Amino acid sequence: MLLIYPPAARSTEPPLGIARLAGFLNRNDVPARCLDLCREGLDYLLGLELDAQDTWTRGALRRRSRNRALLRDSAAYATPDRYRRAVFDLNRALKAASAPFGVEAGLADYRDARRSPLRRADLLDAAAAHEDNVFSPLFRSRIAEALSAFPTRTIGLSVNYLSQALCAFAIVGFVKTVRPDLCVVLGGSLITSWVAQGSLAADERFGGLVDALLPGRGEEGILALLGAPRGVPTAPPAFDDLVAFDYLAPTRILPYNFSSGCPWKRCSFCPETAEGRRYVGTRVGTAVQAVGALVARHAPGLLHFTDTEIAPLYLRTLAASPPGVPWYGFTRFSPLLTDPDFCRRLAASGCAMLQLGLESADQRVLDALGKGTRLDQIDRALEV
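What you see is a predicted model, and the numbers here were worked out from it, not measured in a lab. Throughout, a residue's number is its position along its own chain's written sequence, starting from 1. Per-residue local features are limited, in this predicted model, to residues with pLDDT of at least 70; the limit for side-chain atom pairs, both in listing and counting, is 80 or more; totals at the level of whole chains, interfaces and linings are taken over all residues. Hydrogens and water are ignored here; the side-chain numbers use all heavy atoms of the structure.

(A) Local environment of the overall build of the chain. Only DSSP runs of H or I covering at least 4 residues are called helices, and only runs of E covering at least 2 are called strands; the numbering of each starts at the N terminus. A count of helices and strands for the chain gives 16 helices and 13 strands. The C-alpha radius of gyration computed for the chain amounts to 22 Å, which stays within 12% of the reference 21 Å derived for 384 residues, consistent with globular compactness. Principal axes of the C-alpha set define a box for the chain whose edges measure 60 × 55 × 45 Å. Here a residue-residue contact requires only that any non-hydrogen atoms of the pair lie within 4.5 Å. Within the chain, counting contacts between residues at least 6 apart in sequence, those at least 24 apart form 71% of the total. With the model as given, the accessible surface of the chain reaches about 17,900 Å², and the carbon-plus-sulfur share is 52%. Charge centroids of the chain, computed over 45 positive and 40 negative side chains, lie 2 Å from each other. Radius of gyration here is computed from C-alpha atoms only, and the compact-globule reference equals 2.2 Å multiplied by the residue count raised to the power 0.38. Each accessible area is a Shrake-Rupley estimate made with a 1.4 Å probe; only the visible protein chains count as cover when residues are assessed. Only four residue types enter the tally: Lys and Arg on the positive side, Asp and Glu on the negative side; His and the chain ends are excluded. A single reference atom marks each charge: NZ on Lys, CZ on Arg, CG on Asp, CD on Glu.

(B) Spatial organisation of the packing of helix α2 (residues 37-46) against helix α7 (residues 136-149). Here an axis means a line fitted to C-alpha atoms, over the contact stretch when the element is a helix, while the angle between two N-to-C directions is reported on a 0 to 180 degree scale. Direction vectors running N to C along α2 and α7 enclose 130 degrees, while the axes themselves pass 10 Å from each other. Taken as axis vectors, α2 and α7 run oblique relative to one another. Where α2 crosses over α7, the handedness of that crossing is right-handed. Where α2 approaches α7, its residues Leu 37, Glu 40, Gly 41 and Tyr 44 are matched on the opposing element by Pro 137, Leu 138, Phe 139, Arg 142 and Ile 143. Amino acids outside the nonpolar list (Ala, Val, Leu, Ile, Met, Phe, Trp, Tyr, Cys, Pro) and the charged list (Asp, Glu, Lys, Arg) are all regarded as polar, and Gly is one of them. Class assignment of the residues belonging to the contact of α2 with α7 gives a composition of 6 nonpolar, 1 polar and 2 charged. For this classification, under 35 degrees means roughly parallel, over 145 means roughly antiparallel, 65 to 115 means roughly perpendicular, and everything else is oblique. Left-handed describes a crossing whose near helix is turned anticlockwise from the far helix through less than a right angle; right-handed describes the clockwise counterpart.

(C) Just the nonpolar core, in detail. As used in this record, nonpolar core signifies buried Ala, Val, Leu, Ile, Met, Phe, Trp, Tyr and Cys residues forming a set joined through side-chain atoms within 4.5 Å. We call a residue buried when its accessible area falls under 20% of the maximum for its residue type, exposed when it is over 50%, and partly exposed in between, using a 1.4 Å probe and counting protein chains only. Residues Ile 4, Tyr 110, Ile 143, Leu 157 and Leu 186 are the most contacted members of the largest nonpolar core, which totals 59 residues. Here the element with the most residues in this core is helix α8 (residues 162-178); it accounts for 10 residues. Setting aside its immediate chain neighbours within four residues, Leu 157 contacts Ile 4, Ala 168, Ile 171, Val 172, Val 184, Val 185, Leu 186 and Gly 187. Core analysis: the next-biggest nonpolar cluster, separate from the first, contains 51 residues, Phe 258, Ala 287, Ala 311 and Val 325 among them.

(D) Just the side chain of Glu 219, in detail. On the secondary structure map, Glu 219 appears in helix α10 (residues 219-226). Residue contacts for Glu 219: discarding those within four places in its chain leaves Arg 20, Leu 21 and Phe 24.

(E) Quick look at the pairing of strand β1 (residues 2-5). Burial along β1 is two-sided: the face carrying Leu 2 and Ile 4 and the face carrying Leu 3 and Tyr 5 are both buried. When DSSP finds two or more bridges between two strands, those strands count as paired. Summarising the sheet, β1 and strand β2 (residues 33-36) pair through 4 bridges and their orientation is parallel. In the strand pairing of β2, Leu 3 is matched with Cys 34. Note on the crossover from β1 through helix α1 (residues 16-27) to β2: the handedness is right-handed. Across 3 bridges, β1 lies against strand β5 (residues 154-158) in parallel orientation. Paired with Ile 4 across the bridge in β5 is Leu 157. Crossover handedness is defined here as right-handed if the route from the first strand over the helix to the second strand goes clockwise, with the strands pointing away from the viewer.

(F) Region of the structure containing the sheet that holds strand β13 (residues 351-355). The parallel open sheet is built from 4 strands, whose spatial order is β8-β11-β12-β13. Of all strands in the sheet, those bounded by a partner on one side alone are β8 (253-256) and β13. On average, each strand axis in the sheet is inclined to that of its neighbour by 15 degrees, with strand direction left out of account. With 3 bridges joining them, strand β11 (residues 302-305) and strand β12 (residues 327-330) adopt parallel strand pairing. The residue bridging His 304 from the neighbouring strand is Tyr 328, located in β12.

Right under this line is the structure:
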């Protein structure tokens, strides 16, 4: 199976979704490869020969290579103004490259003045007009190369953000035009949300362009879709096709998730509650082994734990079994973080940052949100 991550989204680390699915399929004797067209798309646009009329755009185009290198240089992050200028310049260069196609591509976004990713008719139009997509030459060459080197009957696209939807359908349109025999599958967070909210029927096939939707955890349905027997239920992500890229970060970042879904799932404002996805956590021993193997194989400078919430079980695990490299992720305020000794152990384990959300400093508002957060607990945690 060829797994594709389409443009356009932030490209600071390899996409975890397709890496996880590739690892699972390979472990179950179903060959799988990954193709990050989101990352390749940035280099493609920034490599186009362009002319510009205004001074800023000419300068931004002239500084493309330097600014791209700056975002991979830790020294640039020590000077916020220098970093911001590099980001603004790169976005300006990407805008200039994409403007002739009636779209605005950026480092983390993609907007089409003629089409909305929220309209089915526009998604179908993006597929029909795939040759007009700004990334069309890249799609044609890279997908053809991948299929030549890795013959397969199935292509899966991981669509996580609205900014990826139109390009994903352009890829689908291209694939179905040149290889109508291939099975095309859509999955990812955006597909999951659409199906869960009822805005997209689980049996939607977009006029025959799509052969199947796989909302939720792809592992749960992919083997049945491919007609493969059920085998090993979990496997570590396979980043081998992805780590060779220079992502836009000052060190190699590897994403990993201990779990899918949310262990709390009681916040009234959160899509996890609306989608009703069940929480599935990895066994502690399996997770420790997987993280250790990834660190040994790929030597990352930073681990990004992408869980909706790193549950207390896994925070304790990290404190007790440090991964050996710095790490960060999101967690919820909990009594665990009010313990100074535990927080010191967490810091010693390599914790570079914990992302903590607080919607209000008013307890009545927090109670209405159903978040389970107590202000006195937050005060103690922040003091620690």
